[in-house]
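What follows is each chain in one-letter form.
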Amino acid sequence: MTASTEKSNTGQGLPDNFDPEAMRARYSEEREKRLRPDGNEQYIEVKDDFAHYLDDPYVDTPVKREPLEDEVEVVVIGGGFGGLQMGARLRQAGVKDLRIIEKGGDFGGTWYWNRYPGAQCDVESYIYLPLLEEVGYMPKEKYSFAKEILEYSRKLGEHFDLYEGALFQTEVTDLRWDEDSGRWIVSTDRGDALRARFVTMANGPLNRPKLPGIPGIQNFKGHTFHTSRWDYEYTGGGPLGGLDRLHDKRVAVIGTGATGIQCVPFVGETAKQLYVFQRTPSTVDVRGNQPTDPEWAAALKPGWQKHRMENFNGLVSGVPQTQDLVDDGWTDLVGKMIRRFREAVQDGSPDVPAILEMANFEKMTEIRDRVDELVEDPDVAEKLKPYYRMFCKRPTFNDDFLPTFNRPNVELVDTDGQGVDRITEKGLVVKGVEYEVDCIIFATGFEVGTSYARRAGYEIHGRDGRTLMEKWEEGMSSLHGMQSQNFPNCFIMHMFQAAFTANYPHLLEELTTHIAYILGEAIKRDAKVVEVSQDAEAAWVKTIVEKGAGAMGALGGPECTPGYYNNEGQDREPTAVQSAPYGGGSIEYFKLLEAWRKEGQLAGIEFSS
Ligand code: NDP
């Protein structure tokens, strides 16, 4: 890939003839076109006939071992950043006896699975890679590629001694609370029946691939795979490209989210023919990667990473900061808001909602202008332009995706918001045209809005055998998103009833610090059972509901096209409101957790021996 295609946004503001009313109407039209009553149900769950999409292509020899029935102090489920950060904080809190259970062949989580060509973090690596100061590591570039992140995950495992006791290639199948012994029984697909005093679950926000519910999907006779299990046997090459076995292949990529944007340039580079099937265009902003400046790195003062994380989180949450340390496409919109606000103050009439909207229009106009700059065919360019507010959907950053459509072997098949109509034995049908292909690559993302147990892949049986899903059927119920009554000694790491952050490891940092604190207290007090009180749980649920649907795309607001940021456009349904992240935003949520810990009362938590 070359960097020569990179173009920066112009920052020219809105054209004089810009018509906000017409743009609002256009945004609403795009949303209406895409809303569908089946919401999350439109996708196919990867199980039964589709289970092979989950096979691990990265392990050569499956580990063979006898089932285990031993007991540990803490079981951590998941060896991605969540599990690694949890493990690190527990080690720091003096917990020696812990066991991480991970279905992959090594640590890394999302970065273990997502090795598709071009995979790279979209959030600056200096704030995305956790615990950099503790480990003494500096990423090579502003945006690290997947290989470096996977290696760093292993480094975290080694640094905090987390390989000790870890079980890889092992999938948890069931969690069951045993009241008599006060232990969790952790069952796995390897026949283990482990006992644990505490369990923390770091399943990951995007761990379960989903497939599109396109009629005929099973009829296709060619090759298929999901991007999170990239088949290099079939494509040739590796994560840095060179997919040489595609030179005589006609390939379809379905999906133009963050993954599609990153892998399409590499498939387009070598495939005989590439069709990119698009339902909703992404915002594709400037990447602008650069190597880490060693002088800058050497001059950083202790505590710099947390400070930088908070600076970024403030800006993307719409809270002005004196400085924009990260200064990229994520923070740019807020910069525009602040500039417009200052101008309005000078004019004496700051109408905040109007300022936010106009700044968003300005940002989106730049995004659309960039498509015209980089895509030669004006018809193709028009189809690649997103018409919704910035942050309605996860923004993307790439300098090679848009120019890929200038290649003679690459065709955009825009479905006008409707998706692929049908899959046949030979290919895909859109608006009556059949596109024959040898291979379909599903860049169709991961489950987000489905039930916790479905995404986790196992049920959690609390007191009296009642499952967490039975308890949460009418809506989620927890204290701070992490603990739920009748599921003692069990801690959940996720954003629901907790908080949404664009930089997910930042949320994990706060959650793991909090859980390690509670666990540390429980161990100090030699408590057998740690559980939230009914009152505290009810009060937190009330807070979540009263604060309204904590917007994952808070800056997007209304007129958003559906996607996982807004529960496929159904984010106002009562159960979705109750399961939403804290509506006051992540900054307020983090402060609230910190204040709770500082108070030292462990309010709402009951310990019993
Ligand atoms: P997404 O859910 O973002 O995208 C799925 C894509 O599939 C969308 O374009 C969707 O269209 C499309 N799609 C779904 N069903 C159909 C259909 N029936 N016909 C045609 N198209 C369809 O998944 P991704 O894997 O791209 O990204 C998921 C998340 O993973 C990201 O949002 C990000 O948080 C994370 N990620 C992070 C990266 C990083 O940091 N570098 C890189 C990649 C991913 P529509 O939009 O209309 O629903």
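All values derive from a computational prediction rather than experimental measurement. (Residues numbered from 1 in each chain as written. Predicted model: local features only at pLDDT ≥ 70, side-chain atom pairs only at ≥ 80, totals over all residues. Heavy atoms only, no water.)

1. Quick word on the pairing of strand S5 (residues 183–188)
Inference 1: With five of six residues buried, S5 lies mostly within the body of the structure.
Inference 2: As judged from the six bridges shared by strand S4 (residues 172–178) and S5, these two strands associate in the antiparallel manner. Paired with Arg-176 across the strands is Ile-185, a residue of S5.
Inference 3: Between S4 and the antiparallel strand that follows it, S5, lie four residues; Gly-182 among them carries a positive phi value of about 65 degrees.
Inference 4: As judged from the four bridges shared by S5 and strand S6 (residues 193–201), these two strands associate in the antiparallel manner. Its bridge partner lying in S6, Trp-184 is registered against Ala-196.
Inference 5: Hairpin geometry of S5 and S6 is characterised by an intervening segment of four residues between the two adjacent antiparallel strands and by a positive phi of about 80 degrees at Gly-191. (Buried < 20%, exposed > 50% of the residue type's maximum accessible area, 1.4 Å probe, protein only. Helix = DSSP H or I, 4+ residues; strand = E, 2+ residues; numbered from the N terminus. Pairing = 2+ DSSP bridges.)

2. Brief notes about the site of the ligand
Inference 1: Around the ligand sit 27 residues, and of these Gln-120, Thr-259, Arg-279, Thr-280 and Tyr-564 come closest.
Inference 2: Residue Arg-394 places a side-chain N or O atom 3.1 Å away from an oxygen atom belonging to the ligand.
Inference 3: Considering the ligand on its own, with 920 Å² of exposed area, one finds that the protein chains cover 89% of that surface.
Inference 4: Those elements giving two or more residues to the shell around the ligand turn out to be strand S7 (210–212) and helix H8 (258–270).
Inference 5: Considering only residue class, the shell around the ligand consists of twelve nonpolar, ten polar and five charged. (Near = heavy atom within 4 Å. Polar contact = N/O pair within 3.5 Å; in protein donor to acceptor, adjacent residues only side chain to side chain. Areas by Shrake-Rupley, 256 points an atom, 1.4 Å probe, with all protein chains shown as cover. Nonpolar A, V, L, I, M, F, W, Y, C, P; charged D, E, K, R; others polar.)

3. What to know about the sheet that holds strand S17 (residues 439–442)
Inference 1: An order of S8-S17-S9-S10-S13 is seen for the five strands of this open sheet, with the pairing classed as parallel. The open sheet terminates on both sides in strands that have one partner only, identified here as strand S8 (223–226) and strand S13 (410–414). Strand-to-strand, the axes of this sheet are offset by a mean angle of 20 degrees, without reference to chain direction.
Inference 2: As judged from the five bridges shared by strand S10 (residues 273–278) and S13, these two strands associate in the parallel manner. Opposite Gln-278, over in S13, you have Asp-414 as the bridge partner.
Inference 3: Along the sheet, H8 makes contact with strand S9 (250–254), S10, S13 and S17, crossing S10 at roughly 155 degrees. (Axes fitted to C-alpha atoms, helices over the stretch in contact; angles between N-to-C directions. Contact = heavy atoms within 4.5 Å.)

4. A few points about the sheet that holds strand S16 (residues 433–436)
Inference 1: The strand order across the open sheet formed by three strands is S14-S15-S16, and the pairing between neighbours is antiparallel. The open sheet has two free edges, formed respectively by strand S14 (422–423) and S16, since each of these has just one partner strand.
Inference 2: Taken together, the four bridges between strand S15 (residues 427–430) and S16 define a ladder with antiparallel strand orientation. Bridging across to S16, Gly-427 finds its partner in Glu-436.

5. Side note on helix H2 (residues 81–92)
Residues spaced three or four apart along an α-helix point in a common direction, a consequence of the helix completing one turn every 3.6 residues.
Inference 1: Compared with an ideal rise of 1.5 Å per residue, which puts twelve residues at 16 Å, H2 spans 16 Å between its outermost C-alpha atoms and is within 8% of the ideal.
Inference 2: Looking at H2, one finds that the buried residues are Phe-81, Gly-82, Gly-83, Leu-84, Gln-85, Met-86, Gly-87, Ala-88, Arg-89, Leu-90 and Arg-91.
Inference 3: Looking at the residues trailing H2, positive phi occurs at Gly-94, about 90 degrees. (Expected span 1.5 Å × (residues − 1).)

6. Points about the domain arrangement of the chain
Inference 1: By the assigned domains, the chain splits into domain 1 (35–53 + 211–282 + 393–442) and domain 2 (71–208 + 449–531 + 600–608).
Inference 2: Placing a centre on the C-alpha atoms of domain 1 and another on those of domain 2 gives a separation of 32 Å.
Inference 3: Taken together, the contacts link 20 residues of domain 1 with 14 residues of domain 2.
Inference 4: Summing both partners gives a buried area of about 1600 Å² for domain 1 against domain 2, and 48% of it is carried by carbon and sulfur.
Inference 5: Together, Glu-45, Arg-229 and Gln-262 form the three largest contributors to the area buried by domain 1 at its contact with domain 2, with a combined 33%.
Inference 6: Joining domain 1 to domain 2, the criterion identifies two salt bridges. (Domains from an automatic or database assignment. Buried area = accessible area lost by both parts, 1.4 Å probe. Salt bridge = Lys/Arg side-chain N within 4 Å of Asp/Glu carboxyl O.)

7. Observations regarding the confidence of the model for the chain
Inference 1: Here the chain shows a mean pLDDT of 93. Residues at 70 or above account for 96%.
Inference 2: This model gives residues 1–11 a pLDDT under 50, and the stretch forms 25 contacts once residues within four places in sequence are excluded. (pLDDT = per-residue confidence, 0-100.)

8. Regarding the nonpolar core
Inference 1: Core analysis: the biggest nonpolar cluster contains 150 residues, and Met-201, Trp-230 and Tyr-589 have the highest contact counts within it.
Inference 2: With nine residues, the top contributor of residues to this core is helix H17 (residues 504–524).
Inference 3: Structurally, this core is a two-domain feature, drawing no fewer than three residues from each of domain 1 (35–53 + 211–282 + 393–442) and domain 2 (71–208 + 449–531 + 600–608).
Inference 4: Counting residues in hydrophobic clusters, the runner-up holds 21 residues, among them Phe-50, Ile-214, Ile-254 and Val-420. (Core = buried A, V, L, I, M, F, W, Y, C linked by side-chain atoms within 4.5 Å.)

9. Observations concerning unusual backbone geometry
Inference 1: Positioned with a positive phi, Leu-131 is a non-glycine residue whose angle comes to about 60 degrees.
Inference 2: Checked against the element boundaries, Leu-131 lands in the loop between helix H4 (125–128) and helix H5 (132–135).

10. With respect to the side chain of Asn-398
Inference 1: By secondary structure assignment, the location of Asn-398 is in the loop between strand S12 (396–397) and helix H14 (401–404).
Inference 2: Engagement of the side chain of Asn-398 in a polar contact is seen with the backbone nitrogen of Phe-401, the distance being 2.9 Å.

11. Some remarks on the pattern of salt bridges
Opposite charge on two side chains permits pairing when their charged atoms draw close.
Inference 1: The tally for this structure, following the rule as stated, stands at 48 salt bridges.
Inference 2: A salt bridge links Asp-285 to Lys-363, with the shortest nitrogen-to-oxygen separation between them at 2.8 Å. Linking Asp-285 in strand S11 (residues 284–285) with Lys-363 in helix H12 (residues 352–374), this pair joins segments that are 78 residues apart in sequence.
Inference 3: By relative accessible area, which is 2% here, Asp-285 ends up buried.
Inference 4: Taking relative accessible area as the criterion, Lys-363 reaches 1% and is therefore assigned buried.
Inference 5: The closest approach of N and O atoms between Glu-447 and Arg-454, which form a salt bridge, is 3.0 Å.

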